[in-house]
Amino acid sequence: MRSAFYISDGTAITAEVFGHALLSLFTVEFDHQTIPFVETEQHANEVVRKISDSFKETGQRPLVFYTIVNTEVRKIISKSVGVNYNFLDQFVAPLEKVLGVPSMPEKHRTHSIHEKTYDIRIEAVNYALANDDGSNLKDYNEADIILVGVSRSGKTPTSLYLALQYGIKAANYPFTEEDMGDVLKIPPALKRFKKKLFGLTIAAERLHHIRSERRANSRYASMQQCRMELREVENLYRKEKIPFLNSTKFSIEEMSAKILAETGLQRSKY
């Protein structure tokens, strides 16, 4: 199997994300290896040896995606036996020309703990944890969004991702069998925050599978129960004009991006 290396003198997040995005366009399997904080020439030489070892083992030149500010370290990596892609070289020079100012590379700048949005995102994560699964109803006035849906439809991971990645204060509330009664209505605790509500739904088969892993052979996990709950929540979404998204075929990243696109919420990432 061909190797793909993601290398940086910082966190390697940029090289990894950009590299993965490019390789996802091809139906080829790779052995992915991420190597962050390559900050010395000694470390760079060790990495080059790893790349050479991979080439000897597989007979295929590894793909090497890297973002390195240090000139000497960058030169060493660029001489590896791999097929080398320096993301900074690809884009910095053209941008300098367009903007009319020189770049000022600085290690760790793109993901620095001192970036101005760091505190915003940490506060949002704490908010998501404190307002998970309807556990705290008194702070909904602080929420940017309140995700609603049946149990195990993806509310908690989506809330946390929105908080960690974008600084969005996301609470979430699960519709339970008690909420449904004869006909599901917006619970009293949520009525005044109706404009903040965003619904999640999921295919009944997928929900049945997820719940069965948690409580096998229970009424909670039965296909009949799953179908009934989903029918009720989807009827509520349509009746009350609550925007909603089916989470069945989407990753957390895709769901979060779609939610932001539909709601217009301001992201605090950079």
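Applying the stated criterion across every chain yields a total of seven salt bridges. Here Lys138 makes a salt bridge to Asp139, at a shortest N to O gap of 3.7 Å. Classification of Lys138 by relative accessible area gives exposed; the value is 64%. Close ionic contact of Glu234 with Arg238 constitutes a salt bridge, the shortest N to O distance being 3.8 Å.

Once that is clear, we can look at the packing of aromatic side chains. Counting across every chain of the model gives eight aromatic pairs. Ring plane angle 20° and centroid distance 5.3 Å describe the contact between Phe65 and Tyr85, whose orientation is recorded as stacked. Here Tyr85 lies in strand 4 (residues 83-86) and Phe65 lies in strand 3 (residues 63-67), a separation of 20 residues in the sequence. Considering the side-chain rings of Tyr173 and Phe175, the 6.0 Å spacing of their centres and the 70° angle between planes classify their relative orientation as edge-to-face. Comparing Tyr173 with Phe175 shows no difference in burial state: the two are buried. Joined through ring pairs, the aromatic side chains of Tyr6, Phe18, Phe65, Tyr85 and Phe87 make up one cluster. It is Arg215 that lies over the ring of Tyr220; its NZ or CZ is 4.4 Å from the centre.

Let us look at the nonpolar core. Within the largest apolar cluster, 25 residues are counted, with the highest numbers of intra-cluster contacts made by Tyr140, Ile146, Val148, Phe175, Leu190, Leu197 and Val233. Those elements that place two or more of their residues in this core are strand 5 (145-150), strand 6 (170-175), helix 9 (204-214) and helix 10 (223-240). Here this core takes five residues from helix 10, the largest share from any one element. Apart from the residues lying within four places of it in its own chain, the contact partners of Val233 are Val150, Phe175, Met180 and Leu184. Membership of the second largest hydrophobic core comes to 14 residues, among which are Phe5, Ile7, Val48 and Ile51.

A word on the packing of helix 9 against helix 10. Orientation of helix 9 relative to helix 10, taken along the N-to-C sense of each, is 125°, at an axis distance of 9 Å. Taken together, the axis directions place helix 9 and helix 10 in an arrangement best described as oblique. Crossing geometry of helix 9 relative to helix 10 is assigned as right-handed. Contacts between helix 9 and helix 10 involve Ala204, Glu205, Leu207, His208 and Arg211 from the former and Met223, Gln225, Cys226, Arg227, Glu229 and Leu230 from the latter. For the contact of helix 9 with helix 10, a count of residues per class yields five nonpolar, two polar and four charged.

This paragraph deals with unusual backbone geometry. Located in the positive-phi region is Ala12, a residue other than glycine, with phi close to 75°. Tracing the sequence through the fold places Ala12 in the loop between strand 1 (2-8) and helix 1 (13-23). On the accessibility criterion, Ala12 (1% relative accessible area) is buried. Non-glycine residue Asn217 carries a positive phi angle of around 60°. Here Asn217 lies in the loop between helix 9 and helix 10. A residue is classified by how much of its surface remains accessible, and Asn217, at 83% relative accessible area, is exposed.

Moving on: the sheet that holds strand 7 (residues 197-201). Within a sheet, adjacent strands bond to each other through the backbone by hydrogen bonds, running parallel or antiparallel. Here four strands make up an open sheet; going across it, the order is 6-5-7-8 and the pairing parallel. Two strands close off the open sheet at either side, each with one partner strand: strand 6 and strand 8 (244-246). Across this sheet, the average inter-strand angle for adjacent strands is 25°, counted without regard to direction. Here six bridges tie strand 5 to strand 6, and the two strands are oriented parallel to one another. In the strand pairing of strand 6, Val150 is matched with Phe175. Sitting on the sheet, helix 11 (residues 252-263) is in contact with strand 5, strand 7 and strand 8, with an inclination near 145° to strand 7.

Rules and cut-offs
Residue positions within a chain follow its written sequence, with the count starting from 1. The model is predicted, so local features are restricted to residues of pLDDT at least 70 and side-chain atom pairs to those at 80 or more, both for listing and for counting; the totals for chains, interfaces and linings are taken over all residues. No hydrogens and no water enter the side-chain calculation; it runs on all heavy atoms of the structure. We define a salt bridge as a side-chain nitrogen of Lys or Arg found within 4 Å of a carboxyl oxygen belonging to Asp or Glu. The rule is simple: take the accessible area with a 1.4 Å probe, protein chains only, and divide by the maximum for that residue type; under 20% is buried, over 50% is exposed, in between is partly exposed. Pairing of aromatic rings covers Phe, Tyr and Trp, the last counted by its six-membered ring, and requires centre-to-centre distances within 6.5 Å; plane angles under 30 degrees mean stacked, over 60 mean edge-to-face, and any other angle means tilted. Helix and strand definitions follow DSSP, with helices as H or I runs of at least four residues and strands as E runs of at least two, each counted in order from the N terminus. In this scheme, the term charge over a ring applies when either NZ of a lysine or CZ of an arginine sits within 6 Å of the ring centre and within 35 degrees of the ring normal. Here the nonpolar core consists of buried residues drawn from Ala, Val, Leu, Ile, Met, Phe, Trp, Tyr and Cys, with membership extended through side-chain atoms lying within 4.5 Å. Note on contacts: a residue pair is in contact if any heavy atoms of the two residues lie within 4.5 Å. Fitting a line to C-alpha atoms yields each axis, with helices limited to the stretch in contact; the angle taken between N-to-C directions then spans 0 to 180 degrees. Angular relationships are summarised with four words: roughly parallel below 35 degrees, roughly antiparallel beyond 145, roughly perpendicular across 65 to 115, and oblique for the angles in between. Handedness of a crossing is defined here by the sense of rotation of the near helix relative to the far one, left-handed for an anticlockwise turn of less than a right angle and right-handed for a clockwise turn. Throughout this entry, Asp, Glu, Lys and Arg are counted as charged residues, while Ala, Val, Leu, Ile, Met, Phe, Trp, Tyr, Cys and Pro are counted as nonpolar. The remaining residues, Gly among them, count as polar. What makes two strands pair is DSSP finding at least two bridges between them.

Everything listed here is a matter of coordinates, which is why it stays silent on function.
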